[in-house]
Each structure stands twice: as structure tokens, then as C-alpha cells.
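Here's the letter readout for the chains.
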Amino acid sequence: MSTSSSLAARNRRNRNVAILCVAVFAGMVGMSYAAVPLYRIFCQVTGYGGTTQRVEQYSDTILDRTIVVRFDANTSAELPWDFKPKQRQVELRIGETTEISYEATNLSSRPTAGTATFNVAPALAGAYFNKVECFCFTEQELQPGQSYDMPVQFFIDPEIVNVPELKNLKTITLSYTFYPLQQESAEAPQPAAAKKQKIGG
């Protein structure tokens, strides 16, 4: 094989290796961006980590057995809100749809916006904690000094009584934590398709 042919072959191999490296790098970057939404979907489907389920219809089965649901509220230090449940706990029948409310107050002198993360404890119960309506489904915005009731409609899936690890479960804790949005100003332009819910006004 001539020197020129050998050089051309080596250049082709190097080019192929470079293309492969770029493709692998692009794939890794794409996977890193997809990891968070995919993980969120996985949690919502399986209830992993205490992630609650979102449903669009009420339970058609209500058991005589009751369970206590406690409510917890937390706020990031970067968000100047007072956020708390309006009641500390409720006792309801398994399968019965119940509505409770949290209250948030903007303690600052400017409009602020936040979004809530949520989970339940014990974590295994997340797969059976079904929300019909929740303030956590959308971003929230409060005007200076404004207070607002934030309702949650939920029920406990009757299938929970068939889970051996949860057969003696008496109490579930529903917990929310509010975090600030990067764009907090109510005067900032919002995309037409944005899901931010402007409260009041």
C-alpha cells in the first residue's frame, strides 16, 4: 500500500473516531437534559420517593376504614413567603375525596412567584395518594402583602389496603416546599404558553 493510500485510510479512521466522539458527547448532553423530566415522570408513575399521583376523576370506592393525613409546609429561604396549612390534619375514609387548603402570604414589598415541590411520608404511600386538584400543578404569583388560599383535593386509593407493607398504616404526611422562580417580577413579560397562575387582581 502506498504512503498516500495509508495516509488517506488513517485520516478516514480519525474522522470516523471524531464523529463517533461528537455523537457520544451530544448523546450524553441530551440525556443529562432529559434526565430531570424523565425522573419526574418515573416518580409520578411509580410514586417513587413519596411522589403523589395526579388523577382526573374521583374514586368510585370508599372504604369504612379511616386514615389520618397530616400537612406540612416549608419555604425556601430565598422566597419571602409565609406558607402554612390551614389545618394540621384530617381524618378521612380511604377512597373519600377531601379538600383542604394551605395559605401563602407574600411578606415582601414586591411581587414574587414560586413553585411547590411535594411528597408524602411514608414514601411507599405516594403511589396511593391521588390529587385531583392542587396549587402545586401551576406556578404561583403573589402581589406585595397578598395572602391567598391554596386548595388541594385528594383521596387515598383504596388499593393501599392490599399492600402488605402498608396494611397497618394509620397516618400519612403530605409535605410541600415552595421555591422562588428565577423570574419573580410580575412586570416581566410572560410567554403566551406559560403556565404561571397569577393570583388575585
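Refer to the structure presented above.
So, here is what we can say about the structure in this document. For clarity, every value in this text was computed on a predicted model and none was experimentally measured. (Residues numbered from 1 in each chain as written. Predicted model: local features only at pLDDT ≥ 70, side-chain atom pairs only at ≥ 80, totals over all residues. Heavy atoms only, no water.)

Comments concerning the overall build of the chain
We count it as follows: Secondary structure elements are taken from DSSP: a helix is a run of H or I of four residues or more, a strand is a run of E of two residues or more, and numbering for both begins at the N terminus. Exposure is judged per residue with a 1.4 Å probe applied to protein chains only, and the accessible area is read against the type maximum: over 50% gives exposed, under 20% gives buried, and values in between give partly exposed. In this description, contact between two residues means that some pair of their heavy atoms is separated by no more than 4.5 Å. Here the open area of atoms and residues is found with the Shrake-Rupley method and a 1.4 Å probe, where only the protein chains shown may cover a residue.
From N to C terminus, the chain includes one helix and 11 strands. In the chain, the succession of α and β elements from N to C terminus is α-β-β-β-β-β-β-β-β-β-β-β. Considering the chain as a whole, with its 201 residues, one finds that 36% of them fall into the buried category. Within the chain, contacts between residues at least 6 apart in sequence are counted, and of these 78% link residues at least 24 apart. Surface exposure of the chain reaches about 12,200 Å², of which carbon and sulfur atoms provide 54%.

Things to note about the pattern of salt bridges
Side chains carrying opposite charge are able to pair once their charged atoms draw close together. Put simply, the rule is: In what follows, salt bridge is the name for a side-chain nitrogen of Lys or Arg lying within 4 Å of a carboxyl oxygen of Asp or Glu.
Enumeration according to the criterion identifies two salt bridges in this entry. We note a salt bridge from Asp 82 to Lys 84, for which the minimum N-O separation is 3.9 Å. Overall, the relative accessible area of 36% leaves Lys 84 in the partly exposed class. Asp 149 is paired through a salt bridge with Lys 86; the nearest N and O atoms lie 3.2 Å apart. Here the residue Asp 149 occupies a position in strand E9 (residues 147–156), and Lys 86 occupies one in the loop between strand E3 (81–85) and strand E4 (89–93), the gap between them amounting to 63 residues.

Regarding unusual backbone geometry
A cis geometry characterises the amide bond from Ala 121 onward to Pro 122, with omega recorded as 0°. Topologically, Pro 122 is positioned in the loop between strand E6 (112–121) and strand E7 (129–134).

Let's talk about the packing of aromatic side chains
Geometry of an aromatic ring pair is reported as the spacing of the ring centres plus the angle between the planes. Heads up, the condition is: Side-chain rings of Phe, Tyr and Trp (the six-membered ring for Trp) are treated as a pair once their centres are within 6.5 Å; stacked means planes under 30 degrees apart, edge-to-face means over 60, and tilted covers the remaining angles. Only when the NZ atom of a Lys or the CZ atom of an Arg is both within 6 Å of the ring centre and within 35 degrees of the ring normal do we say a charge sits over the ring.
Across all of its chains, the model carries 12 aromatic pairs by this definition. Plain terms: the ring middles of Trp 81 and Phe 178 are 5.0 Å apart, the flat faces sit at 55° to each other, and that makes the pair tilted. Taken as a pair, Trp 81 in strand E3 and Phe 178 in strand E10 (residues 171–180) lie far apart in primary sequence, 97 residues in all. With centroids separated by 5.0 Å and ring planes inclined at 80°, the aromatic side chains of Tyr 102 and Tyr 176 adopt a geometry described as edge-to-face. Of this pair, Tyr 102 sits in strand E5 (residues 98–106) while Tyr 176 sits in strand E10, and the two are 74 residues apart along the sequence. Put simply, the rings of Phe 71, Trp 81, Phe 83, Tyr 102, Phe 118, Phe 129, Phe 135, Phe 154, Tyr 176 and Phe 178 pair up and form one aromatic cluster. Sitting over the face of the ring of Phe 118, Lys 131 holds its NZ or CZ atom 3.6 Å from the ring centroid.

Some remarks on the nonpolar core
Here is the rule: The criterion is simple. A nonpolar core is a set of buried Ala, Val, Leu, Ile, Met, Phe, Trp, Tyr and Cys residues joined through side-chain atoms within 4.5 Å.
Judged by nonpolar contacts, the single largest core of 35 residues is most densely connected at Tyr 102, Phe 135 and Tyr 176. Among the secondary structure elements, those contributing two or more residues to this core are strand E2 (66–75), E3, E4, E5, E6, E7, E9 and E10. If sequence neighbours within four positions are ignored, Phe 135 has contacts with Phe 83, Tyr 102, Ala 116, Gln 140, Met 150, Pro 151, Val 152, Tyr 176 and Phe 178.

Considerations on the pairing of E5
So the rule is basically this: By this definition, two strands are paired if DSSP reports at least two bridges between them.
Counting buried positions along E5 gives seven out of nine residues, so the element sits mostly inside the fold. Pairing between E3 and E5: five bridges, direction antiparallel. When the sheet's bridge partners are listed, Phe 83 is paired in E5 with Ala 104. Where E5 and E9 come together, eight bridges link them in antiparallel fashion. Bridging from a neighbouring strand, Ser 101 pairs with Pro 151 of E9.

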